[in-house]
Amino acid sequence: MTVQTPVLPDAQTVTTIHHWTDRLFSFRLSRPQSLRFRSGEFVMIGLLGDNGKPLLRAYSIASPSWDDSLEFYSIKVQDGPLTSRLQHIQPGDQVILRPKPVGTLVVDALLPGKRLYMIATGTGVAPFASLLRDPEVYEKFDEVVLTHTCREVADLAYGKQLIESLDSDPLIGEFAKGRVKYVPTTTQEESANTGRITDWISSGKLAAHLGLPDLDPTDDRVMICGSMGLNTDIKEIIEAKGFEEGANSAPGHYVLEKAFVG
Ligand SMILES: Cc1cc2nc3c(=O)[nH]c(=O)nc-3n(C[C@H](O)[C@H](O)[C@H](O)COP(=O)(O)OP(=O)(O)OC[C@H]3O[C@@H](n4cnc5c(N)ncnc54)[C@H](O)[C@@H]3O)c2cc1C
């Protein structure tokens, strides 16, 4: 495939697309040479609206900071202004990308610890797809736990493939091997692990399932990316255990980011 020369301001070229379900897809864009970001951050991406103005939305970069191209993992909202159109992109199409990455789901915002928990619902797994492929995570933590909660089993496919690819990844395999624990759970469809992750944490079921001690700010660090409800509930549970929120300017025991607004 020949890569088109961008013509829109801040436009990048779509290189690959994968449709996971009728509500979820992922795609890759060319990466501007000047774009620097920290794994876990998000950018604004979009298309030109009917009025000729950019229609932009926040998107976590799902690829790690060292990657040559940029991966995104997206919902398809049927009447959503952006994703009703974005879901139809084809290789060679252009997508606007504002090269100003920001966000709190970064390793720099956490104090050193032994274990890093990544708690995601739905497309909230995207920033963790970036972090799980970053060697820095394995340099700073002995062990990583990814919990990913979706309504149905099919919605877990992107995260499942990500985890399955880690061990054989030529760059990350040697760091990640045997150090990542993956806990997929479903809330609507019966599966091996059914239930809300908040219930799993507060009841001690998650710790028992993992064979690890209960969450403790001495050793554990937590990153959360889900709906507002999930974020608020997990924050409440872990703050009761003594976890303090971190920021770039003042690292702490946990950080959180909304996976979407609304
Ligand atoms: C910091 C941040 C990072 C984000 N990263 C991603 C990402 O990596 N991937 C992604 O798909 N979206 C992400 N979003 C959401 C994204 O910005 C858009 O809302 C989404 O692309 C839908 O755009 P839209 O214009 O089609 O509909 P919108 O008008 O933006 O949304 C319509 C409604 O759809 C629902 N909705 C929107 N996004 C989602 C979602 N991701 N999952 C479930 N329901 C949703 C909400 O109820 C919302 O009110 C992120 C949002 C924030 C704030």
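Let me sum up the structure you'll find in this document. (Residues numbered from 1 in each chain as written. Predicted model: local features only at pLDDT ≥ 70, side-chain atom pairs only at ≥ 80, totals over all residues.)

### Notes on the overall build of the chain
Looking only at helices and strands, the chain has 8 helices and 11 strands in total. Against the compact-globule benchmark of 18 Å for 262 residues, the chain has a radius of gyration of 18 Å, which places it among compact chains. Taking the principal axes of its C-alpha atoms as reference, the chain extends roughly 55 × 35 × 35 Å. Across the 262 residues in the chain, those meeting the buried criterion constitute 40%. For the chain, the share of sequence-separated contacts (at least 6 apart) that also reach a separation of at least 24 residues comes to 71%. (Helix = DSSP H or I, 4+ residues; strand = E, 2+ residues; numbered from the N terminus. Rg over C-alpha atoms; globule rule 2.2 N^0.38 Å. Buried ≥ 20, exposed ≤ 12 C-beta atoms within 10 Å, placed from the backbone. Contact = placed C-beta atoms within 7 Å.)

### Description of the sheet that holds strand 8 (residues 143-150)
Strands sit in the order 9-8-7-10-11 across an open sheet of 5 strands; the sheet is parallel. Of all the strands in the sheet, the pair left with one neighbour each is strand 9 (180-186) and strand 11 (254-258). Neighbouring strand axes in the sheet, compared pairwise and without regard to direction, differ in orientation by 10° on average. Here 6 bridges tie strand 7 (residues 115-121) to strand 10 (residues 220-226), and the two strands are oriented parallel to one another. Looking at the pairing, Ala 120 lines up with Cys 225 of strand 10. This element, helix 4 (residues 157-166), spans strand 8 and strand 9 of the sheet and lies at about 165° to strand 9. (Pairing = 2+ DSSP bridges. Axes fitted to C-alpha atoms, helices over the stretch in contact; angles between N-to-C directions.)

### Focus: the sheet that holds strand 4 (residues 54-60)
Taking strand neighbours across the sheet as the criterion, the 6 strands line up as 4-3-6-1-2-5 in an open arrangement whose pairing is antiparallel. Bordering the open sheet on either side are strand 4 and strand 5 (69-75), each of which pairs with just one other strand. When strand polarity is set aside, the average angle formed by the axes of neighbouring strands in this sheet is 35°. Pairing of strand 3 (residues 42-48) with strand 4 involves 7 bridges; the strand directions are antiparallel. Bridge pairing in strand 4 places Phe 42 opposite Ser 60.

### Overview of the site of the ligand
Around the ligand, the surrounding shell holds 23 residues, and the nearest of these are Gly 80, Leu 82, Thr 83, Phe 260 and Gly 262. Looking at the shell around the ligand, the elements that each hand over two or more residues are strand 4, strand 5, helix 1 (83-86) and strand 11. Examining the composition of the shell around the ligand, we find that 4 residues originate from one element, strand 4, more than from any other. Partitioning the shell around the ligand into residue classes produces 12 nonpolar, 8 polar and 3 charged. When we break the shell around the ligand down by domain, the ones giving at least three residues each are domain 1 (11-102) and domain 2 (107-258). (Near = placed C-beta within 6 Å. Nonpolar A, V, L, I, M, F, W, Y, C, P; charged D, E, K, R; others polar. Domains from an automatic or database assignment.)

### Thoughts on the nonpolar core
In terms of nonpolar packing, the biggest core is built from 63 residues, with Met 118, Phe 128, Leu 132 and Val 144 touching the most fellow members. A per-element tally of this core places strand 7 first, with 5 residues. Among the domains, domain 1 (11-102) and domain 2 (107-258) are the pair contributing at least three residues each to this core. Look past the residues within four positions of Phe 128 in its chain and what remains in contact with it is Met 118, Ala 120, Leu 146 and Cys 225. (Core = buried A, V, L, I, M, F, W, Y, C linked by C-beta atoms within 7 Å.)

### Things to note about the pairing of strand 1 (residues 11-21)
As paired strands, strand 1 and strand 6 (residues 94-102) are joined by 3 bridges and run antiparallel to one another. Bridge assignment links Thr 13 to a residue of strand 6, and that residue is Gln 94. Bridging between strand 1 and strand 2 (residues 24-30) involves 6 bridges; their strand directions are antiparallel. Note that in strand 2 the partner of Thr 21 across the bridge is Leu 24. Hairpin connection from strand 1 to strand 2: 2 residues lie between these consecutive antiparallel strands.

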